[in-house]
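Listed here are the chains, written in short residue letters.
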Amino acid sequence: MKTYDLIVIGTGPGGYHAAIRGAQLGLKVLAVEAAEVGGVCLNVGCIPTKALLHAAETVHHLKGAEGFGLKAKPELDFNKLGAWRDGVVKKLTGGVAGLLKGNKVELLRGFARFRGPKEIEVNGEAYGAKSLIIATGSEPMPLKGFPFGEDVWDSTRALRVEEGIPKRLLVIGGGAVGLELGQIYHRLGSEVTLIEYMPEILPAGDKETAALLRKALEKEGLKVRTGTKAVGYEKKQDGLHVLLEAAQGGSQEEIVVDKILVAVGRRPRTEGLGLEKAGVKVDERGFIQVNARMETSAPGVYAIGDVARPPLLAHKAMKEGLVAAENAAGKNALFDFQVPSVVYTGPEWAGVGLTEEEAEKAGYKVKVGKFPFSASGRALTLGAAEGLIKVVGDEETDLLLGVFMVGPQAGELIAEATLALEMGATVSDLGLTIHPHPTLSEGLMEAAEALHKQAIHILNR
Ligand SMILES: Cc1cc2nc3c(=O)[nH]c(=O)nc-3n(C[C@H](O)[C@H](O)[C@H](O)COP(=O)(O)OP(=O)(O)OC[C@H]3O[C@@H](n4cnc5c(N)ncnc54)[C@H](O)[C@@H]3O)c2cc1C
């Protein structure tokens, strides 16, 4: 049996971070991958969706540019778009393979399953290690009444825009994936209806900024129906007749579309892995149970990323990979970090830390400061003055607790807020920091100032 210091199962964001950090710390590492290097994020997740969003936004911006005199009739070649998207993915996955090689991580293609606590089998061969890191990720969650197929797409199928843009698309699910793909299709020419079971889109985030994003999407022409569930559908000559129902039951309605995208969440991927042979326990939702060191119930076996626990985000998986690898190398690392989240629609939505409701529940005396992008000089020069930044703080200690925003470049701006939270910044610290003018980032400083009723570019009430 070939043996290693560390075996990493899966080369998504979590797995390749763990493998590289393990190698940096002097471990002999084997990484096993059943499909494509780079996992979901690089191949069928973050990267291809962001590439398509950029293309769709460029088309959209051209239309908006008439306001300053730019007249253009964009014509999009979907085959070229698909090829460009694939090129971006290939460049990045090739980069990861190169990094693994450069760090002397051995890459083995095949499906890994446990034979015992410290032993796996791949393509009929046995491999053993002192430590193992499970980074097998997640897969689209199916929805009852909507089995995936030709007419009912998962997110991976929806990425293939070159295979045709449906005239009418129903998106089921108002999370990041549904919103991003819904906007891509709307901007590329589909009539899009998006339904969300909960009373507001992005149910896990700040309600006010989520509502602003919903309104922006509606203004653009997407039909968003909250508090609504899809019960089932029937294929008829004129399309797919989908039965919608109020979330609490009662009123029903039928809509007719050409394709349905199911984006109701993802589930951890552990099937066929033989976790029981390793003594690795899962919880009732199928996630592998881990502690803050990313250790599972089996000594020396770690789990990270989507297979371990929500939130199902690439940067969370990456950091967990570093923590697990450092512990496998004998260090004592803990996952104790703020995890920002971003929706890459136009406008973008981003948040980190506690929402007002969560902060109140945790016992803080909550105070909020807001700054609208309509008062931002930079946002106006970009023709993107939609949205606001909201800072949540503790009135008694002035501690910064959370930041939520909807607007241009929110995903970039949230990194500063995340650093502020990591460093235990007060709201005053944010307000005192000189931000370059004119930039969107000034909004963060002004929102902090607004919390103390001292913002300059808005009236403080
Ligand atoms: C459409 C879409 C858009 C997204 N956009 C974003 C975004 O913008 N930002 C963000 O943070 N997150 C985004 N995500 C989520 C992000 O992709 C995941 O959180 C991230 O990929 C999780 O990384 P991971 O390493 O846990 O697993 P994965 O990326 O799922 O990788 C797991 C890997 O393990 C391999 N594997 C599984 N089982 C085995 C086995 N038994 N043997 C060998 N190999 C195995 C798989 O083939 C896969 O390559 C998006 C997801 C989707 C679907």
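Since this is a predicted model, take the numbers as computed values, not measurements. Throughout, a residue's number is its position along its own chain's written sequence, starting from 1. This being a predicted model, a pLDDT of at least 70 is required before a residue's local features are given, and a value of 80 or more before pairs of side-chain atoms are given or counted; all residues contribute to the totals for chains, interfaces and linings. Hydrogens and water molecules were not included; the side-chain quantities draw on all heavy atoms of the structure.

Asker: Is there a simple way to think about the overall build of the protein in this case?
Answerer: Where helices and strands are cited, they refer to DSSP runs of H or I of at least four residues and of E of at least two residues respectively, numbered from the N terminus. In terms of helices and strands, the protein carries 14 helices and 22 strands. In this treatment the radius of gyration is a C-alpha quantity, and the globule benchmark scales as 2.2 Å times the residue count to the 0.38 power. Against the compact-globule benchmark of 23 Å for 461 residues, the protein has a radius of gyration of 23 Å, which places it among compact chains. Projected onto its principal axes, the C-alpha coordinates of the protein cover approximately 70 × 65 × 45 Å. Per-residue burial for the protein yields a buried fraction of 50% across its 461 residues. We call two residues contacting when some pair of their heavy atoms lies within 4.5 Å. Long-range pairs, those at least 24 residues apart, make up 62% of the contacts in the protein between residues at least 6 apart in sequence. Total accessible area on the protein stands at roughly 21,300 Å², and carbon and sulfur atoms take up 54% of it. For every residue, the accessible area obtained with a 1.4 Å probe (protein chains only) is divided by the maximum for its type, and the residue is called buried under 20%, exposed over 50%, and partly exposed between those limits. Only the protein chains shown count as cover for residues, and the accessible areas themselves come from Shrake-Rupley with a 1.4 Å probe.

Asker: Help me out: how do you make sense of the environment of Ala263 in this one?
Answerer: Looking at the secondary structure, you find Ala263 in the loop between β15 (259-262) and β16 (266-268). Considered as a pair, Ala263 and Gly173 are 90 residues apart in the sequence and their alpha carbons are 5.0 Å apart. The contact partners of Ala263, leaving out residues within four places of it in the chain, are Ile172, Gly173, Val177 and Gly178.

Asker: Where do I start with the site of the ligand in this structure?
Answerer: The cutoff for a nearby residue is simple: one of its non-hydrogen atoms must lie within 4 Å of the molecule or strand. Contacts to the ligand come from 39 residues, most closely from Gly14, Glu33, Lys50, Asp306 and Ala314. We define a polar contact as two N or O atoms separated by no more than 3.5 Å, with the added condition that, inside protein, one atom must be a possible hydrogen donor and the other a possible acceptor, whereas residues neighbouring each other in sequence contribute only through side-chain atom pairs. One nitrogen or oxygen atom from the main chain of Cys46 is found 3.4 Å from a nitrogen atom belonging to the ligand. Here an oxygen atom of the ligand sits 2.9 Å away from a polar atom, N or O, in the side chain of Asp306. When residues of the shell around the ligand are traced back to their parent elements, those giving at least two are α1 (13-24), β2 (29-33), α2 (39-44), α3 (46-64) and α9 (314-328). Per-element tally for the shell around the ligand: the top contributor is α2, with four residues. Following the grouping adopted for this structure description, the nonpolar residues are Ala, Val, Leu, Ile, Met, Phe, Trp, Tyr, Cys and Pro, the charged ones are Asp, Glu, Lys and Arg, and the polar ones are all others, Gly among them. Taken together, the residues of the shell around the ligand break down into 19 nonpolar, 14 polar and six charged.

Asker: Which parts of the structure should I look at to understand the side chain of Thr418?
Answerer: Relative to the elements of secondary structure, Thr418 occurs in helix α12 (residues 410-422). The buried category is assigned to Thr418, whose relative accessible area is 10%. Those residues in contact with Thr418 that sit more than four places away from it in its chain are Gln338, Pro340 and Val352.

Asker: What exactly am I supposed to notice about the sheet that holds strand β12 (residues 228-236) here?
Answerer: Sheet strands pair by backbone hydrogen bonding; their relative direction is either parallel or antiparallel. Pairing is antiparallel in the open sheet, where three strands are placed in the order β12-β13-β14. Two strands in the sheet have a free side with no partner beyond their single neighbour: β12 and β14 (252-257). Taken pair by pair, the neighbouring strands of this sheet meet at an average axis angle of 25°, ignoring direction. Between any two strands, pairing holds if DSSP finds at least two bridges. The pairing of strand β13 (residues 239-246) with β14 spans six bridges and is antiparallel. By the bridge assignment for β14, Leu244 is matched with Glu253. Comment: axis = line fitted to C-alpha atoms, over the contacting stretch for helices; angle = value between 0 and 180 degrees taken between N-to-C directions.

Asker: I tried to follow the packing of aromatic side chains on my own but got confused; where do I start?
Answerer: The description of an aromatic ring pair rests on the distance of the ring centres and on the angle between the ring planes. Only centres within 6.5 Å qualify two rings of Phe, Tyr or Trp (six-membered ring in Trp) as a pair; their planes then separate them into stacked at under 30 degrees, edge-to-face at over 60, and tilted for everything else. Per the counting criterion, the structure on display carries four aromatic pairs. Taking the centre distance of 5.2 Å and the plane angle of 85° together, the rings of Phe335 and Phe337 count as edge-to-face. When the centroid spacing of 6.4 Å and the interplanar angle of 40° are considered together, the rings of Trp349 and Phe404 count as tilted. Highlighted residues: Trp349 in strand β19 (residues 348-353) and Phe404 in strand β22 (residues 400-407), separated in sequence by 55 residues. Over a ring means this: the NZ of a Lys or the CZ of an Arg is within 6 Å of the ring centre and within 35 degrees of the ring normal. The ring of Phe335 carries Arg309 above its face, with NZ or CZ at 5.2 Å from the centroid.

Asker: Explain the packing of α3 against helix α6 (residues 176-187) here, please?
Answerer: Relative orientation and spacing of two packed helices are given, respectively, by the angle between their axes and the distance between those axes. Axis separation between α3 and α6 bottoms out at 9 Å; the angle between their running directions is 40°. The orientation of α3 with respect to α6, classified from their angle, is oblique. Relative to α6, α3 is oriented so that their crossing is left-handed. In this structure, α3 contributes Thr49, Lys50, Leu52, Leu53, Ala56, Glu57, Val59 and His60 to the contact, and α6 contributes Glu180, Leu181, Gln183, Ile184 and Arg187. Each residue belonging to the contact of α3 with α6 can be placed in one class, and the counts come to six nonpolar, three polar and four charged. For classification purposes, an angle smaller than 35 degrees is called roughly parallel, one larger than 145 roughly antiparallel, one from 65 to 115 roughly perpendicular, and anything else oblique. For any pair of crossing helices, the crossing counts as left-handed if the nearer helix is rotated counterclockwise from the farther one by less than a right angle, and right-handed if it is rotated clockwise.

Asker: For this particular structure, what's the right way to read the state of the cysteines?
Answerer: The term disulfide refers to a covalent linkage connecting the sulfur atoms of a pair of cysteines. Two cysteine sulfurs form a disulfide in these notes if their separation is within 2.5 Å. Taken as a whole and assessed by the stated rule, the structure comprises one disulfide. Note that Cys41 is cross-linked by a disulfide to Cys46, the S-S spacing being 2.2 Å. Torsion about the S-S bond of the Cys41 and Cys46 cystine: about -125°, corresponding to left-handed handedness. Look at Cys41 and you get buried, because its relative accessible area is 10%.

Keep in mind that these numbers describe shape and distance, not what the molecule does.
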